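One letter stands for each residue in the lines below.
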Amino acid sequence: MCDVIATTSQPDELALPDLPLPARTGCAVTSVGVSVPEQVVANAEISQRLGVDEAWIERRTGIRARRIAEPHERLETHATLAARRALQRAGVGAEDVDLIVVATSTSDELMPGTAPLVAHALGASRAGAFDVGSACTGFLSALAVGASVIEAGRARCVVVVGADFMSRITDPQDRATAAVFADGAGAVVLQDTLATGRISPIVLGADGAGADHIIARRSDGVIRMRGHETFREAVARLTLATLQAVRAAGLGLSDIELFVYHQANGRILSAVGERLGLPAGRVVDCIGEYGNTSAATLPLALEFSERQGLLSEGDRVLLGAFGAGFTWGATVIEWGRP
């Protein structure tokens, strides 16, 4: 990328003086915060409803339990709490936030979006706010937006939230989805830094030919998923995106301390790790207690990794996601404040 300064053929007295070029700005993920509903639903409850064995659910998905929101709970509340916790951990006041981006497919209302409500609840009165889609790839897409704004010098602090109440669009009688999807929210704080390269190039991809494999139509508002096709594409796309992102960062797989993928299904995590030849201990798997929370899985997995002592300051972390659309992406970040 290069800077271009326009010239003029007008007389000298009309020419603009030379202006200093804006300094290139780096961007860092400086904290993470999460919020999940208190209600825990174990496999036993779901297996009775579906007429299957609870061990069958864990064997097919890797999930033992999941958090499900009560009818009175609002996505906005958990998104706000996750963002507030992330800000507190970063030592940043809401008044210093320039932009809030919320990745979600399950806003409380069709409009307005969740982001303006979060900004208001936080007291981030000078922040812009908007939502992004991309389903399970939403958090990574929002991260790309937030990092780009900071690196362009147009903001100094961005809060990126991934939040979904997937239980609100799941058919409780559908074996393909009822045991998989769950609810939760997570957020990270992005801040400008003189250190460049803390967030490497973010590889994003899409293939609308696979749109029908994961879809929620307006006619019934319920998610439908073809498991076999989704599994095959998820493994292939996550594997390729990982290699592309690592290469774009100028690194090799051995340079990455931790691989944090979208927590869609335990078998997908295992398959991607096996294809790439990764030690199991370097691939984060927290789906057992959280389930698939769509756009929230990446920040939930980051917070889980930090809490379990798997993530330290300066670690290189591969983030990867795959979702409806199809959409997918990956990037490498250097964890913590520079």
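Everything below is about the structure printed above this text.
No experiment lies behind these values; they were computed from the predicted model shown. (Residues numbered from 1 in each chain as written. Predicted model: local features only at pLDDT ≥ 70, side-chain atom pairs only at ≥ 80, totals over all residues. Heavy atoms only, no water.)

(A) Broad picture of the pairing of strand 1 (residues 26-35). Strand 1 sits mainly inside the fold: 10 of its 10 residues count as buried. Sheet topology places strand 1 next to strand 7 (residues 183-193); nine bridges connect them, and they run antiparallel. Bridge pairing in strand 7 places Val34 opposite Gly186. (Buried < 20%, exposed > 50% of the residue type's maximum accessible area, 1.4 Å probe, protein only. Helix = DSSP H or I, 4+ residues; strand = E, 2+ residues; numbered from the N terminus. Pairing = 2+ DSSP bridges.)

(B) Fine view of the sheet that holds strand 5 (residues 128-132). Read across the open sheet, the five strands follow the order 1-7-6-4-5; overall the sheet is mixed. Both outer strands of the open sheet, strand 1 and strand 5, are each paired with one neighbouring strand and no more. Between one strand and the next, the sheet's axes are offset by a mean angle of 20°, whatever the strand orientation. The sheet contacts of helix 3 (residues 75-90) involve strand 1, strand 6 (157-165) and strand 7, and relative to strand 1 the element is tilted by about 130°. (Axes fitted to C-alpha atoms, helices over the stretch in contact; angles between N-to-C directions. Contact = heavy atoms within 4.5 Å.)

(C) Structural context of helix 3. Taking 1.5 Å of rise per residue, the 16 residues of helix 3 would be expected to cover 22 Å, and the 23 Å separating its terminal C-alpha atoms lies within 8% of that figure. The complete set of buried residues in helix 3 reads Leu75, Glu76, His78, Ala79, Thr80, Ala82, Ala83, Ala86, Leu87 and Ala90. Buried residues in helix 3 make contact with strand 1, helix 4 (114-122), strand 6 and strand 7. Looking one or two residues beyond helix 3, the residue adopting positive phi is Gly91, at roughly 70°. (Expected span 1.5 Å × (residues − 1).)

(D) Summary view of the pattern of salt bridges. This structure, assessed with the given rule, holds 15 salt bridges. Residue Asp108 is joined to Arg74 by a salt bridge in which the shortest nitrogen-to-oxygen separation is 3.5 Å. Taken together, the residues Asp108 in the loop between strand 4 (99-103) and helix 4 and Arg74 in the loop between strand 3 (65-67) and helix 3 connect sequence positions 34 residues apart. Using a relative accessible area of 23% as the deciding quantity, one classes Asp108 as partly exposed. A salt bridge links Asp220 to Arg224, with the shortest nitrogen-to-oxygen separation between them at 4.0 Å. Relative accessible area serves as the criterion here: at 34%, Arg224 is assigned to the partly exposed category. A cluster of three or more residues bridged by salt bridges with shared partners is formed by Arg74, Glu76, Asp108 and Glu109. (Salt bridge = Lys/Arg side-chain N within 4 Å of Asp/Glu carboxyl O.)

(E) Main features of helix 5 (residues 138-151). Taking 1.5 Å as the rise per residue, helix 5 with 14 residues should run 20 Å; its terminal C-alpha atoms sit 20 Å apart, in good agreement. Counting buried positions along helix 5 yields 10 of 14 residues, so the element is predominantly enclosed. Listed in full, the buried residues belonging to helix 5 are Gly138, Phe139, Leu140, Ser141, Ala142, Leu143, Ala144, Gly146, Ala147 and Ile150. One or two steps after helix 5, the chain reaches Gly153, where phi turns positive at roughly 80°.

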